[in-house]
Amino acid sequence: MRIELTVNGNHHTLDVEPRTTLLDCLRDNLDLKGAHAGCEHGVCGACTVLFDGVAVRSCLMFAPQAEGTPITTIEGVTPGPGELSPVQDAFCETHGMQCGYCTPAMILVAHALLADNPNPTREDIVEAISGNLCRCTGYAQIVEAIALAAERMRGANRPSERQK
Amino acid sequence: MKAAPFEYSRVTDVDEACAMLSDDENARVIAGGQTLVPMMAMRLARPSRLIDINHIAALSYIRADGDAVSIGATTRQCVIERDVLVKNKLLLLARAVSFVGHTATRARGTIGGSLANADPAAELSLVAVTLDARLSYRVGGRTETIAARDFDIGAMTTSLPHGAILTAVQFPVWSGKVGVGFHEVNARRSDFAFASAAAQIELTDDGKCKRIAIGVGAATDHPIRLESAERQLKGTAVDATKVKDAVVGALADIEPMADLHASADYRRRVAASLAARAVADARDHALGKKAHAH
């Protein structure tokens, strides 16, 4: 069936089978390989994308269901070519990743958390990433990365969503 | 981990959805899809058609409704979690919803989807049964209602007739000195519970139990009420020994589920401990003492 998706601000018209998950559509039809296929049944969180700014599992949604709602993948969080978002920077600096498989999802979850709560407690951060499995880091550096990103984003001289 | 082929229909009207559902006995309704999609990925479910009810605007709301609060079937769990009316009037629901899946699944999962899915461990079904919620569904152009405790009849099985779609759930609001408690035990946070317990209590001015509801989930194939314990505790000061005896007695005749993760004896024992803790929390909460952290 023919569907229209808005991903990272770009509009796409695609022909997909209804059974195509949003995850497979992003990876195979739009070549956005940053959405990772892990368990493909909603357990690992590696496929997380932002659906209207909210973190959801793209493997638990069929592509036609995503029509009409803006989607952001890890490819869409950078401010410009060759740059990193403050969250991505923080993950690099605190060694918040090792193999990298869970990383795009962790970063998107952090973006969703910080957009909603600029001043999260450690518990808020742990709760936010509790649906995302990481088998390398032991999570400590991921929590540290998100706390560092939050601190920097609070200090950044830019209008908040409310003031815009 | 790829679903079998199916047809997809997005509908904006509930009667249109009911008609489609009646026309094809292998069609399934999809709301949040947080259970259905993994079931389809594992090919445990192979619907011929998915009827997507996410865009029926009339099914998504939370509103005061006389002495009750009504919640539309496709209202997302994350919306319930943050809703001020729910926090003020339905604290038991507010407390329990944070145990449902994790943030990313609550962002899509709906209250009606969870109730209609009828997982024995579903926190929302347990709250609905504990609070004597009434469920509304649409079938053949008319609206019917059913008590939550008559809705779940077994694991993943409800009494919803063929061609019917759940539209709303109405929770009665208790007033007065009301307190709540909710506990569950699982292998890891957000995973399916092995046993769960919910309690809501109303105390008189001198601290006696005026009204009490105690529910247990995940232990049996659908959530149950501990009615004999409720009767025994009414009018008492709800002291710990009496609570323990009452809930152990009420759980003596249940038939707990057993699997690789938790035996029947374990579930019964844990359910009794959690129910006693939930009641103690509810009493302390009603008395204004700090409830135990979950």
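Residues numbered from 1 in each chain as written. Chains lettered and ligands numbered in written order. Predicted model: local features only at pLDDT ≥ 70, side-chain atom pairs only at ≥ 80, totals over all residues.

## As for the overall build of chain B
Phase 1: Along its length, chain B carries 12 helices and 14 strands.
Phase 2: Relative to the compact-globule value of 19 Å for 294 residues, chain B shows a C-alpha radius of gyration of 19 Å, a close match.
Phase 3: Expressed as lengths along the three principal axes of its C-alpha atoms, the size of chain B is roughly 60 × 45 × 30 Å.
Phase 4: When each of the 294 residues of chain B is scored for burial, the buried share is 52%.
Phase 5: Partitioning the intrachain contacts of chain B with sequence separation of at least 6 by distance along the chain shows that 64% fall at a separation of at least 24. (Helix = DSSP H or I, 4+ residues; strand = E, 2+ residues; numbered from the N terminus. Rg over C-alpha atoms; globule rule 2.2 N^0.38 Å. Buried ≥ 20, exposed ≤ 12 C-beta atoms within 10 Å, placed from the backbone. Contact = placed C-beta atoms within 7 Å.)

## Focus on the overall build of chain A
Phase 1: Per the secondary structure count, chain A includes five helices and five strands.
Phase 2: Once the C-alpha set of chain A is aligned to its principal axes, its extents read approximately 45 × 40 × 30 Å.
Phase 3: Relative to its 164 residues, chain A shows a buried fraction of 47%.
Phase 4: In chain A, the proportion of contacts linking residues at least 24 apart, taken out of those at least 6 apart, comes to 59%.

## Thoughts on the environment of Ile224 of chain B
Residue and element names in this part refer to chain B.
Phase 1: Within the element layout of this structure, Ile224 appears in strand E14 (residues 224-225).
Phase 2: Judged by C-beta crowding, with 21 C-beta atoms within 10 Å, Ile224 ranks as buried.
Phase 3: For Ile224, the residues in contact, after removing those within four places along its chain, are Gly215, Val216 and Ile254.

## Examining helix H12 (residues 264-287) of chain B
Phase 1: Over its 24 residues, H12 of chain B extends 34 Å from the first C-alpha to the last, a length consistent with the 34 Å expected when each residue adds 1.5 Å.
Phase 2: A positive backbone phi angle near 90 degrees is found at Gly288 of chain B, which sits one or two residues after H12 of chain B. (Expected span 1.5 Å × (residues − 1).)

## Brief notes about the interface of chain A and chain B
Think of interface size as the accessible area that goes away when the parts come together; that is how it is often given.
Phase 1: Contacts between chain A and chain B engage 22 residues on the former and 24 residues on the latter.
Phase 2: Elements supplying a minimum of two residues to the side of chain A that touches chain B: strand E4 (54-57) and helix H4 (122-128) of chain A.
Phase 3: The leading source of residues in the side of chain A that touches chain B is E4 of chain A, at four residues.
Phase 4: In terms of residue class, the side of chain A that touches chain B is made up of 10 nonpolar, seven polar and five charged. (Nonpolar A, V, L, I, M, F, W, Y, C, P; charged D, E, K, R; others polar.)

## Some points on the sheet that holds strand E1 (residues 7-10) of chain B
Residues and elements named next belong to chain B.
Phase 1: The sheet built from three strands is open, its strands ordered E1-E3-E2 with parallel pairing. The open sheet has two edge strands with one neighbour each: E1 and strand E2 (27-30). For this sheet, the mean inter-axis angle between neighbouring strands, taken without regard to orientation, is 25 degrees.
Phase 2: Bridging between E1 and strand E3 (residues 49-52) involves four bridges; their strand directions are parallel. Paired with Arg10 across the bridge in E3 is Asp52.
Phase 3: The strands that helix H1 (residues 14-23) touches are E1, E2 and E3; relative to E2, the one it contacts most, it runs at about 150 degrees. (Pairing = 2+ DSSP bridges. Axes fitted to C-alpha atoms, helices over the stretch in contact; angles between N-to-C directions.)

## Looking at the sheet that holds strand E10 (residues 165-172) of chain B
Residues and elements named next belong to chain B.
Phase 1: With antiparallel pairing, five strands are arranged side by side in an open sheet as E4-E5-E10-E6-E7. Where the open sheet ends on each side, the last strands, each with one partner, are strand E4 (62-65) and strand E7 (142-147). With strand direction ignored, the average angle separating the axes of adjacent strands in the sheet is 25 degrees.
Phase 2: The sheet contact formed by strand E6 (residues 134-139) and E7 spans six bridges and is antiparallel. Counted as the bridge partner of Leu135 is Ile146 from E7.
Phase 3: Strands in contact with H1 are E6 and E10; relative to E10, the strand with the most contacts, it is inclined by about 125 degrees.

## Remarks on the nonpolar core
Residues and elements named next belong to chain B.
Phase 1: Of all hydrophobic cores here, the largest spans 149 residues; its most connected members are Ala199, Val247, Ala275 and Val279.
Phase 2: With 11 residues, the top contributor of residues to this core is H12.
Phase 3: Sequence-distant contacts of Val247, defined by excluding residues within four places in its chain, comprise Ile214, Leu226, Ala229, Ala272, Ala275 and Ala276. (Core = buried A, V, L, I, M, F, W, Y, C linked by C-beta atoms within 7 Å.)

## Regarding the pairing of E2 of chain B
All names here are of chain B.
Phase 1: Where E2 meets E3, four bridges bridge the pair, whose relative direction is parallel. Among the inter-strand pairings, Ala27 is bridged to a residue of E3, identified as Arg49.
Phase 2: Between E2 and its parallel partner E3, the chain crosses via helix H2 (residues 36-41), and the hand of that crossover is right-handed. (Right-handed = clockwise from strand over helix to strand, strands pointing away.)

## Some words on unusual backbone geometry
Among all residues except glycine, the phi angle is most often negative; among peptide bonds, the trans geometry is most common.
Residue and element names in this part refer to chain A.
Phase 1: At Asp31, a position not held by glycine, the phi torsion is positive, near 55 degrees.
Phase 2: Residue placement: Asp31 occurs in the loop between helix H1 (22-29) and strand E3 (48-51).
Phase 3: Phi angles above zero are rare outside glycine, and Asp52 is one such case at about 55 degrees.

## So, the domain arrangement of chain B
Phase 1: For chain B, the domain assignment lists domain 1 (7-52), domain 2 (57-172) and domain 3 (177-287).
Phase 2: On a C-alpha basis, the centres of domain 1 of chain B and domain 3 of chain B stand 35 Å from each other. (Domains from an automatic or database assignment.)

## With respect to the domain arrangement of chain A
Residues and elements named next belong to chain A.
Phase 1: By the assigned domains, chain A splits into domain 1 (2-76) and domain 2 (86-155).
Phase 2: Taking only C-alpha atoms into account, the centre of domain 1 sits 21 Å from that of domain 2.
Phase 3: For the side of domain 1 that touches domain 2, the elements supplying multiple residues, two or more each, are E3 and E4.

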